[in-house]
Amino acid sequence: MAHTTSIDTWINDSTERRRANPDLKRIAFGPLLILGALALGGTAFWSSSDSSSVFWHAYLIAVVYCTSISLGGLFFVVVQHLTGARWGVVLRRLGEIISMGIGVCGLFFIAILALIFSGNAELYPWAPPAELAKLAEPKQIWLDPTFFVGRQVFYFVVWFLIARYYYTRSVAQDRASDNEPMAPLRWWSGPAMLVFALTINFASMDWLMTLNPTWFSTIFGVYYFAGCAVSIFALLSVVVWRLQSRDILTHTITEEHRHDLGKLLFGFVFFWGYIAFSQFLLIWYAAIPEEVQWYAVRHIDPTNTGLGWATGLLFLFHLIIPFLGIMSRFVRRQKTLLAGWGIYMLVMHWFDLYYIIAPEPELTSWDIGFKSIVIYAGTMAGVGLLYAASLMYIASGNWLVPVRDPRLADSLAFENH
């Protein structure tokens, strides 16, 4: 009873705001939706005459980028329940809202699936039936358009159902008088994490590795997952800073929570570097032509575009610099500095996907001319605004903290030792 009373006192405390503005729904369906549609539609129309290949590459980067953030959010939510973590309860609702963005990401993918079904080779060179027939028989089966599209539908339906289950149960707990809505979440977290691990591995291979159907890497799924984890902790750092600058959750999320958020961002930046270097090292050591050719494009610069140094840039700016920058305890506890590094890592995560996607197939869009830059920026802005609108619509008027979570009191009192 004492615990319930203390939480009720905290809920009724008016020294900070803890609900999202109900007007977010109007903003999402108004300016953001219009601006996003105009940016995406305008860029697609402008590039349709002679740069459609660049547009499709830019579109895939933008969609996979937003999807990776929502998948990172889903990972954060499920792992919080799986481990019974107490410190992150005050951040979990933000992760739940972000994970729900997987629904609109699935809608974005419809255009890519339609491109594959039409036999257009501008993005996936195996899409035309004649090109698919040239591949080894197992790859012909795996990349059959009907089977490929069926897998994508399966991935997004499964992810959306998991995200929706955890989100709706968590929101239901806000209005509950007991812990019944939360009770089964931890039990389901084990199977959910197993399904998440398998599907993200196969999905990353489908979306990114098959851009070059003769290339393969058994560690690629982990590489993509590492980027998902970096992006969610980077975005949470930025969102917390933005909320607290508007007097929201100023006392609920403390420097102790930001410190742990920074530690996770720092840890997954290093994990990403470890996986990226392991993939490079194993392929370099084995020197199998089917594997080496993927890195050769990104090293040797056969088209003299000046981006043969992309691997070195990625290593420097995605690993070395943030590793040194986020290492400090002082940086991790300062919301402005941590948010700055969060923005930096979100930019580098986009560059990581550009590094993977842009040179394929056959260097058609490894191009940094003015028009290409406008297409990449316009497409990312369009998809990003529509994605942000969906998250704001979901958050509108809701609690930004799971206010009746049985572990909330421990999270509010959390301190690093």
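Residues numbered from 1 in each chain as written. Predicted model: local features only at pLDDT ≥ 70, side-chain atom pairs only at ≥ 80, totals over all residues. Heavy atoms only, no water.

- Looking at an unreviewed UniProt entry, one finds the protein chain named Quinol:cytochrome C oxidoreductase, with Aeoliella mucimassa as its source organism.

Observations concerning the overall build of the protein chain
Right, on to step 1. Of the regular secondary structure elements, the protein chain holds 17 helices and zero strands.
Right, on to step 2. On C-alpha atoms alone, the protein chain measures out to a radius of gyration of 22 Å, which is about the 22 Å that the 2.2 N^0.38 rule sets for 417 residues.
Right, on to step 3. The principal-axis extents of the C-alpha atoms in the protein chain amount to approximately 70 × 40 × 40 Å.
Right, on to step 4. Taking all 417 residues of the protein chain together, the buried fraction comes to 55%.
Right, on to step 5. Taking the intrachain contacts of the protein chain between residues at least 6 apart in sequence as the baseline, contacts between residues at least 24 apart amount to 80%.
Right, on to step 6. Roughly 17900 Å² of accessible area belongs to the protein chain as shown, and the carbon and sulfur atoms make up 69% of that amount.
Right, on to step 7. When the 27 basic and 28 acidic side-chain charges of the protein chain are each reduced to a single mean position, those positions are 9 Å apart. (Helix = DSSP H or I, 4+ residues; strand = E, 2+ residues; numbered from the N terminus. Rg over C-alpha atoms; globule rule 2.2 N^0.38 Å. Buried < 20%, exposed > 50% of the residue type's maximum accessible area, 1.4 Å probe, protein only. Contact = heavy atoms within 4.5 Å. Areas by Shrake-Rupley, 256 points an atom, 1.4 Å probe, with all protein chains shown as cover. Lys, Arg positive; Asp, Glu negative; His and termini not counted. Charge placed at Lys NZ, Arg CZ, Asp CG, Glu CD.)

A short note on the packing of helix H3 (residues 52–83) against helix H8 (residues 145–174)
Right, on to step 1. Contact geometry for H3 and H8: axes closest at 11 Å, N-to-C directions at 50°. Our classification of the angle between H3 and H8 gives oblique. The handedness of the crossing between H3 and H8 comes out as left-handed. The segment H3 lies against H8, with Thr67, Leu71, Leu74, Val77, Val78 and His81 engaging Phe156, Trp159, Ile162, Ala163 and Tyr166. (Axes fitted to C-alpha atoms, helices over the stretch in contact; angles between N-to-C directions. Parallel < 35°, antiparallel > 145°, perpendicular 65-115°, else oblique. Left-handed = near helix turned anticlockwise from the far one by under 90°.)

Here we look at the environment of Val89
Right, on to step 1. One can find Val89 in helix H4 (residues 89–99).
Right, on to step 2. If sequence neighbours within four positions are ignored, Val89 has contacts with Gln80, Pro402, Asp405, Arg407, Leu408 and Ser411.

Side note on the state of the cysteines
In protein structure, a disulfide is the covalent linkage between the sulfur atoms of two cysteines.
Right, on to step 1. Within this structure, the stated rule accounts for zero disulfides.
Right, on to step 2. The structure places no disulfide on Cys105, whose sulfur is separated from the nearest cysteine sulfur, that of Cys66, by 5.5 Å.
Right, on to step 3. Classification of Cys105 as buried rests on a relative accessible area of 0%.
Right, on to step 4. With no disulfide of its own, Cys228 lies closest to Cys105 among cysteine sulfurs, the gap being 11 Å. (Disulfide = S-S within 2.5 Å.)

A word on a nonpolar patch on the surface
Right, on to step 1. On the surface, a nonpolar cluster with roughly 1000 Å² of combined accessible area is contributed by Phe277, Leu281, Trp284, Tyr285, Phe315, Leu316, Phe317, Ile320, Leu324 and Met327.
Right, on to step 2. When residues of the nonpolar patch are traced back to their parent elements, those giving at least two are helix H11 (255–286) and helix H13 (310–326).
Right, on to step 3. Of all the elements, H13 adds the most residues to the nonpolar patch, at five residues.
Right, on to step 4. Inspection of the secondary structure puts Leu281 in helix H11. (Patch = residues over 30% accessible without salt bridge, like charges linked within 9 Å, V, L, I, M, F, W, Y side chains within 5 Å. Salt bridge = Lys/Arg side-chain N within 4 Å of Asp/Glu carboxyl O.)

Brief notes about helix H9 (residues 185–207)
Right, on to step 1. Largest kink in H9: about 30°, centred on Pro191.
Right, on to step 2. Turning to H9, its buried residues number three or more, namely Leu185, Ser189, Ala192, Met193, Phe196, Thr199, Ile200, Ala203, Ser204, Asp206 and Trp207.
Right, on to step 3. Where H9 is buried, its residues meet H3, helix H5 (102–117), helix H7 (137–142), H8 and helix H10 (220–245). (Bend = angle between axes of the 7 residues up to and from the residue.)

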